[in-house]
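Residue-level listing of the chains:
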Amino acid sequence: MQSYQSAFLELALAHQVLTFGEFTLKSGRVSPYFFNLGRISSGAAMRRLGEAYAQALNASGVAYDMLFGPAYKGIPLVTAVAAALADPAIGARDVPFAYNRKEAKDHGEGGSLVGAPPKGRVVIVDDVLTAGTALREAVALLRAAGAEPVAAVIALDRQEKGSSGRSAVQEMEHDTGIRVIPLVTVDAMLEYLAGGAVPAATVEAVRAYQARYGVWA
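Because the structure is predicted, anything quoted here is derived from the model rather than measured.

**So, the environment of V30**
No. 1: Tracing the sequence through the fold places V30 in strand 2 (residues 30-35).
No. 2: Residues V30 and Y209, 179 residues apart in the sequence, show an inter-C-alpha distance of 8.7 Å.
No. 3: Those residues in contact with V30 that sit more than four places away from it in its chain are E22, F23, T24 and Y209.

Next up, the structure:
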């Protein structure tokens, strides 16, 4: 496991981004864990989160020219990641970024895009991938603007089968042709949790759920 992955999971547990119990998902499945990145709500925590995203992007080897954050959750994330990439300890790279408005502005500068003009190879920064609606819209928006979306960085890949038999990440990669880079997968999460971060019964509950619904099952 990479150091940024364990740092991210430590952060997720400390801020209750990752919680355990019984949670009914939109699919109707009862999951033994729930993931809510919206729990990151302080400057120090956001800085650490941005660093983890930046390090995951660096480790991916993806070549890119700018970043894009889909409204709304992607906006603070893309800002934090761009700031982290500029840190000499992480990359010392001043990367331009942009984001979109949910509703196009009809006065002032107008339009739905804010920040650097989309161009070249773009990495989309978002929180999680469920139905993938925001990411698909971002891909279409960037392509319409003449840019080339090449990857998306997300926090967690649940590695969970959907109705097609593929996971949400696999569906996104298949449908859009872009690469999806998770900070952690459920495999990595289980490896970390098994080290004593939570009771053994919690680890076994997650393993049982993945054995039933995981893409490898």
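**Some words on the packing of aromatic side chains**
In this description, an aromatic ring pair is defined by two values, namely the gap between the centres and the angle between the planes.
No. 1: The tally for this structure, following the rule as stated, stands at three aromatic pairs.
No. 2: Between F8 and F35, the aromatic rings sit 6.2 Å apart at their centres with planes inclined by 50°, giving tilted as the arrangement. Of this pair, F8 sits in helix 1 (residues 3-14) while F35 sits in strand 2, and the two are 27 residues apart along the sequence. The pair formed by F8 and F35 is uniform in burial state, with each residue classed as buried.
No. 3: Seen in terms of ring centroids, Y209 and Y213 are 4.9 Å apart; in terms of plane orientation they differ by 55°. Their pairing is tilted. Taken together, the residues span about one helical turn, with Y209 and Y213 both in helix 7 (residues 200-213) at a distance of four residues.

**Re helix 7**
No. 1: When the terminal C-alpha atoms of helix 7 are compared, their 20 Å separation across 14 residues agrees well with the 20 Å that a helix rising 1.5 Å per residue should span.
No. 2: For helix 7, the complete set of buried residues consists of T202, V203, V206, Y209, Q210 and Y213. Seen end-on, helix 7 carries its buried residues on one side only, within an arc spanning 125°. Residues A200, A201, A211 and R212 are exposed on helix 7 and point more than 90 degrees away from its buried face.
No. 3: Taken together, the buried residues of helix 7 touch strand 1 (18-24), strand 2 and helix 6 (186-197).

Cut-offs applied
- Residues numbered from 1 in each chain as written.
- Predicted model: local features only at pLDDT ≥ 70, side-chain atom pairs only at ≥ 80, totals over all residues.
- Heavy atoms only, no water.
- Helix = DSSP H or I, 4+ residues; strand = E, 2+ residues; numbered from the N terminus.
- Contact = heavy atoms within 4.5 Å.
- Phe/Tyr/Trp six-rings, centres within 6.5 Å; stacked < 30°, edge-to-face > 60°.
- Buried < 20%, exposed > 50% of the residue type's maximum accessible area, 1.4 Å probe, protein only.
- Expected span 1.5 Å × (residues − 1).
- Arc of directions from axis to C-beta.

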